[in-house]
Amino acid sequence: MTYFPQPHPSRRAARIQLGASVLAAIRLEDGRHAKAKLQTISATGGLLQLPRALAHGDFVEVAFQTQSGPVRAMAEILGPMGKTKDGVLQPFRFVALEDDDNRRLRTSLDHVTDRSLLGLKSSAFSAQRTI
């Protein structure tokens, strides 16, 4: 079954800052591929560092590795936030995740949050190769 993330109308999902340590693979609608670094992630979306901006409103498949396993989801690209020396920062929102991908994402997010509350360094997201 597919999960369709719905943002809470009055509360933002908790964001986890990753500091570009997680690689992400992006597949565009036309079949082209792009590599990105995942800067921030939440249950409803995230922030990518890309070499070049993608078009606002594009639908893509985004895939990345977590400690709980690979996560693959459909996402909508939002407007770029700014430029960096290595490219552009561009947010996205998840539009569909399979149940297993949603479970792996939430398990990893919960693990990071739990460790952060205890004051421990997080290792929930792995800097392994993209999937």
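Residues numbered from 1 in each chain as written. Predicted model: local features only at pLDDT ≥ 70, side-chain atom pairs only at ≥ 80, totals over all residues. Heavy atoms only, no water.

*Asks:* Help me out: how do you make sense of the overall build of the protein chain in this one?
*Replies:* Each helix and strand counted, the protein chain has one helix and eight strands in total. From first element to last, N terminus to C terminus, the protein chain shows the α and β order β-β-β-β-β-β-β-β-α. For the protein chain, restricting intrachain contacts to residue pairs at least 6 apart in sequence, the fraction spanning at least 24 positions comes to 58%. Accessible surface, the protein chain: about 7700 Å² in total, of which carbon and sulfur atoms supply 52%. (Helix = DSSP H or I, 4+ residues; strand = E, 2+ residues; numbered from the N terminus. Contact = heavy atoms within 4.5 Å. Areas by Shrake-Rupley, 256 points an atom, 1.4 Å probe, with all protein chains shown as cover.)

*Asks:* What's the story with the pattern of salt bridges in this structure? I'm lost.
*Replies:* All chains considered together, the criterion is met by six salt bridges. Residues Glu 61 and Arg 72 are paired through a salt bridge, measuring 3.2 Å at the closest nitrogen-oxygen approach. Residue Glu 61 is located in strand S5 (residues 59-66), and its partner Arg 72 is located in strand S6 (residues 69-77); the two are separated by 11 residues in the primary sequence. We note a salt bridge from Asp 100 to Arg 103, for which the minimum N-O separation is 3.9 Å. A residue pair is termed a helical-turn pair when its members lie 3 or 4 positions apart in one helix, as Asp 100 and Arg 103 do in helix H1 (residues 99-117) at three residues. (Salt bridge = Lys/Arg side-chain N within 4 Å of Asp/Glu carboxyl O.)

*Asks:* Honestly, the pairing of S5 in this entry has me stumped. Any pointers?
*Replies:* In regular strands, side chains alternate between the two faces of the sheet. Most of S5 is tucked away, with seven of its eight residues classed as buried. Between S5 and the antiparallel strand that follows it, S6, lie two residues. (Buried < 20%, exposed > 50% of the residue type's maximum accessible area, 1.4 Å probe, protein only. Pairing = 2+ DSSP bridges.)

*Asks:* Which parts of the structure should I look at to understand the nonpolar core?
*Replies:* General note: in soluble globular proteins, nonpolar side chains tend to be found buried as a group. Counting 27 residues, the largest nonpolar core has Ile 26, Ile 41, Val 62, Phe 64, Phe 92 and Phe 94 as the members making the most contacts within it. Broken down by secondary-structure element, the contributors of at least two residues to this core are strand S2 (16-28), strand S3 (33-41), strand S4 (45-50), S5, S6, strand S8 (87-98) and H1. Per-element accounting of this core gives the leading share, six residues, to S2. Apart from the residues lying within four places of it in its own chain, the contact partners of Ile 26 are Arg 32, His 33, Ala 34, Ala 36, Leu 48, Leu 50, Leu 54, Val 60, Glu 61 and Val 62. (Core = buried A, V, L, I, M, F, W, Y, C linked by side-chain atoms within 4.5 Å.)

*Asks:* What's the story with the side chain of Glu 76 in this structure? I'm lost.
*Replies:* Mapped onto the secondary structure, Glu 76 falls in strand S6. On the basis of relative accessibility, which here comes to 16%, the residue Glu 76 falls in the buried class. Within the structure, the side chain of Glu 76 is placed 2.7 Å from the side chain of Arg 93, a separation counted as a polar contact. Contact partners of Glu 76, with chain neighbours within four places excluded, come to Gly 57, Asp 58, Phe 59, Pro 91, Phe 92, Arg 93 and Val 95. (Polar contact = N/O pair within 3.5 Å; in protein donor to acceptor, adjacent residues only side chain to side chain.)

*Asks:* I tried to follow the confidence of the model for the protein chain on my own but got confused; where do I start?
*Replies:* Detail in the predicted coordinates should be disregarded across regions flagged by low pLDDT. The share of residues in the protein chain with pLDDT of 70 or more is 73%, and the mean pLDDT across the chain is 81. Least confident of the elements in the protein chain is strand S1 (residues 2-3), whose mean pLDDT is 62; most confident is S6, at 96. The model gives residues 117-124 a pLDDT under 50, and that stretch makes 11 contacts with residues more than four places away or in other chains. Under a pLDDT of 50 for its full length, residues 126-131 has, in the predicted model, 19 contacts with residues more than four places off or in other chains. (pLDDT = per-residue confidence, 0-100.)

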